[in-house]
Amino acid sequence: MIFQFLFLTILSVLSLTEDPSPYYSYDGSGNNILHTNWGKAGSIYARMVPSAYKDGKGQPVDDRPNAREISNIIFGAPPFDYNELSVSSMAGAFGQFLAHDIAMTANSDVDYSIPLPSDETIMKEAIAFKRSVAQQ
């Protein structure tokens, strides 16, 4: 906690110097000279492929596989080595993928909790989930 405070304080002081970098900032703004808000913390991601929503706007479709079932298949398949919590090293890699994909973007207020499959053995309740806001 103290490290984060000191780090942010140093960044703030450096941003006030006479010769700050014109391209880099701690919140991601200005990293692209032509599009200064691209990649900025809290911004909405641009859509790269057409959407496929149930209502055409944001409601998830019902014909996709359950995310927890996919996770159980990936992490439950050999030859993974498991730790004392029965979690493979793929859990960390998958967590990094998710964190880097959805972190620091605007979130919707709609609850899209992921239901558990009937054969779930580890988790006891639905996985809380809120999607990021998509650019329309």
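The structure presented is a predicted model; accordingly, all values stated were derived computationally and were not measured.

1. A few points about the overall build of the protein
When you go through the protein residue by residue, the secondary structure sums to 3 helices and 0 strands. When the helices and strands of the protein are read in sequence order from the N terminus, they spell out α-α-α. In the protein, buried positions account for 12% of the 136 residues. Accessible area for the protein stands at about 11100 Å²; split by element, carbon and sulfur atoms hold 62% of it.

2. Some thoughts on the pattern of salt bridges
Counted by the stated rule, this structure contains 3 salt bridges. Where Asp 63 meets Arg 64, a salt bridge forms, and the shortest distance between an N and an O atom there is 2.9 Å. Linking Glu 120 and Arg 68 is a salt bridge whose minimum nitrogen-to-oxygen distance equals 2.9 Å. Here Glu 120 is found in the segment after α3 (90-102), whereas its partner Arg 68 is found in helix α2 (residues 67-76), with 52 residues between them in sequence. Look at Arg 68 and you get buried, because its relative accessible area is 12%.

3. Some points on the side chain of Arg 68
Polar contacts involving the side chain of Arg 68 include one to the side chain of Glu 120, which spans 2.9 Å. Those residues in contact with Arg 68, other than ones at most four positions away along the chain, are Ile 114, Pro 115, Leu 116, Pro 117, Glu 120, Ile 122, Met 123 and Ile 127.

About the cut-offs
- Residues numbered from 1 in each chain as written.
- Predicted model: local features only at pLDDT ≥ 70, side-chain atom pairs only at ≥ 80, totals over all residues.
- Heavy atoms only, no water.
- Helix = DSSP H or I, 4+ residues; strand = E, 2+ residues; numbered from the N terminus.
- Buried < 20%, exposed > 50% of the residue type's maximum accessible area, 1.4 Å probe, protein only.
- Areas by Shrake-Rupley, 256 points an atom, 1.4 Å probe, with all protein chains shown as cover.
- Salt bridge = Lys/Arg side-chain N within 4 Å of Asp/Glu carboxyl O.
- Polar contact = N/O pair within 3.5 Å; in protein donor to acceptor, adjacent residues only side chain to side chain.
- Contact = heavy atoms within 4.5 Å.

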